Amino acid sequence: MQALSDIKNGFYNLKRTYLGIVLSMVMAIALFVVVLLLAALPASVILLLVAGGDFFGQILSLVLFWEPLLRGNVEIVISSGFLSVLLPIVLVYIWTFGAMYGVSKEIVDSNAVRVTSFIHWFRSHILGLLGTGVLLALIAIGPPLSIAAGLSMQGVTAIPFPADWVFGLLSFAWFFIVICFSSMQVPALMDGLGVFAALRESANLVRANLSRVFSVHLLYFLVLVLLFGPLPIYSVITNSFDAASDAVAAAILSWSAFGLFILGFALLPSLYITMTTIYRDLKLG
């Protein structure tokens, strides 16, 4: 299976340059957190003026926007409030982590990575990555957010069952499709293309190689389900999540924390390398 071969090759390159990748990921994570905190400050001030409360409480509410999931409230993910917070997070993620594709380009081209590689690629493509983040966040999150916001403006506070599940599944399917078709946009950006030209290049390459690209992303998604799926599933079943008094909940929370480590220092970097390698193969082939 081609997808398994692609992923295996990605992990092989990750293993050979692991220390350099880890350092680059630490830089990316630090930049991601700093930018989100800086963005949360004015957002908290606005919420404070509109909704009242205290400043730090508003910051905490933004940081813990996903917390209702722990109480089994899965429907929160299709609300306008949740999606409004998710959109800038996706934007900042693409902007700050996009430089990892430049690091991956060095690995694929020269089998090595410099200590300053992440900083170099981020600084040299800072505007292109920002534009890519804005574009993809709007494409991926914009449509479901617009629908949820429109319903909210019409006074619909909760989408009734089963329409809520249909909307949620369609929103996820749209998000997954956007991820797949844009998966080579940043590698193309690292090759010198502009934001829109890179997106067109990615869409064209993926369209001609649907099974290869979609299979790789599906396999990574299945791993994410294994790592993080137990948490919302258990929350829905029990309609609560109290790790302090529930041993099963505590075990699941520990497993999810382990999953975050695996995500940051194994899955994501291997995905960057894998998609960069596929992009190179398709361009040369």
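See the structure printed just above.
Here is what the cut-offs are and how they apply
- Residues numbered from 1 in each chain as written.
- Predicted model: local features only at pLDDT ≥ 70, side-chain atom pairs only at ≥ 80, totals over all residues.
- Heavy atoms only, no water.
- Helix = DSSP H or I, 4+ residues; strand = E, 2+ residues; numbered from the N terminus.
- Buried < 20%, exposed > 50% of the residue type's maximum accessible area, 1.4 Å probe, protein only.
- Contact = heavy atoms within 4.5 Å.
- Areas by Shrake-Rupley, 256 points an atom, 1.4 Å probe, with all protein chains shown as cover.
- Core = buried A, V, L, I, M, F, W, Y, C linked by side-chain atoms within 4.5 Å.
- Salt bridge = Lys/Arg side-chain N within 4 Å of Asp/Glu carboxyl O.
- Patch = residues over 30% accessible without salt bridge, like charges linked within 9 Å, V, L, I, M, F, W, Y side chains within 5 Å.
- Arc of directions from axis to C-beta.

Asker: Explain the overall build of the chain here, please?
Answerer: For the chain, the helix and strand inventory stands at 13 helices and zero strands. Buried positions account for 42% of the 285 residues belonging to the chain. A separation threshold of at least 6 residues defines the contact pool for the chain, and within that pool the share at least 24 residues apart is 73%. As displayed, the chain has an accessible area near 14600 Å², and 75% of this comes from carbon and sulfur atoms.

Asker: Just checking my understanding: could you explain the nonpolar core for this structure?
Answerer: Side chains of nonpolar character tend, in soluble globular proteins, to be buried together. Residues I21, M25, M100, L129, M184, V216 and M275 are the most contacted members of the largest nonpolar core, which totals 59 residues. The element best represented in this core is helix α13 (residues 247–284), accounting for ten residues. In contact with M184, not counting residues within four places along its chain, are S202, L205, V206, V213, M275, I278, Y279 and L282. Formed by five residues, the second largest nonpolar core is a distinct cluster that contains L231, Y234, F241 and A249.

Asker: Please clarify how unusual backbone geometry should be interpreted in this entry.
Answerer: In terms of backbone geometry, most residues other than glycine have negative phi values and most peptide bonds are trans. One non-glycine residue with positive phi stands out, namely N111, at about 60 degrees. In this fold, N111 is placed in the loop between α5 (99–110) and α6 (117–124).

Asker: Teacher, can you tell me more about the environment of V134 here?
Answerer: Structurally, V134 is set in helix α7 (residues 126–153). C-alpha of V134 to C-alpha of V90: the two residues are 44 residues apart in sequence and 8.7 Å apart in space.

Asker: Got a minute to help me understand the pattern of salt bridges in this structure?
Answerer: Should their charged atoms come close, side chains of opposite charge can pair. As enumerated under the stated definition, the model contains eight salt bridges in all. With a shortest N-O distance of 3.4 Å, D109 and K105 are connected by a salt bridge. Here D109 pairs with K105, and both are found in helix α5, just four residues apart, close to one helical turn. Two residues, R280 and D191, come together in a salt bridge whose shortest N-O distance is 3.0 Å. With a gap of 89 residues between them, R280 in helix α13 and D191 in the loop between α9 (185–190) and α10 (195–207) connect regions that are remote in the sequence. The class for R280 is buried, based on a relative accessible area of 15%. You can call D191 partly exposed: its relative accessible area is 34%.

Asker: Could you clarify how one ought to interpret a nonpolar patch on the surface in this entry?
Answerer: A surface patch of nonpolar side chains, amounting to about 260 Å² of accessible area, comprises V34, L38 and L41. For L38, the position within the fold is in helix α2 (residues 18–51). You can call L38 exposed: its relative accessible area is 54%.

Asker: What should I look at first to understand helix α12 (residues 230–238) in this one?
Answerer: What sets the pattern is the α-helix's 3.6 residues per turn: residues three or four places apart point alike. Among all positions in α12, only L231, Y234 and S235 are buried. When α12 is viewed along its axis, its buried side chains cluster within an angular range of 105 degrees and face the same direction. Among the exposed residues of α12, those pointing more than 90 degrees away from its buried face are I233 and I237. Looking at the packing, one finds that the buried side of α12 touches α11 (210–228) and α13.

Asker: I tried to follow the environment of F97 on my own but got confused; where do I start?
Answerer: By secondary structure assignment, the location of F97 is in helix α4 (residues 80–97). Judged by its relative accessible area of 6%, F97 is buried. Separated by 172 residues in sequence, F97 and P269 place their C-alpha atoms 9.9 Å apart. F97 has contacts with M25, A28, I29, F32 and Y272, leaving out every residue within four places of it along the chain.

Asker: Honestly, the side chain of E201 in this entry has me stumped. Any pointers?
Answerer: Within the fold, E201 resides in helix α10. Ignoring sequence-local partners within four residues, the contact set of E201 consists of A188, L193, Y279 and K283.

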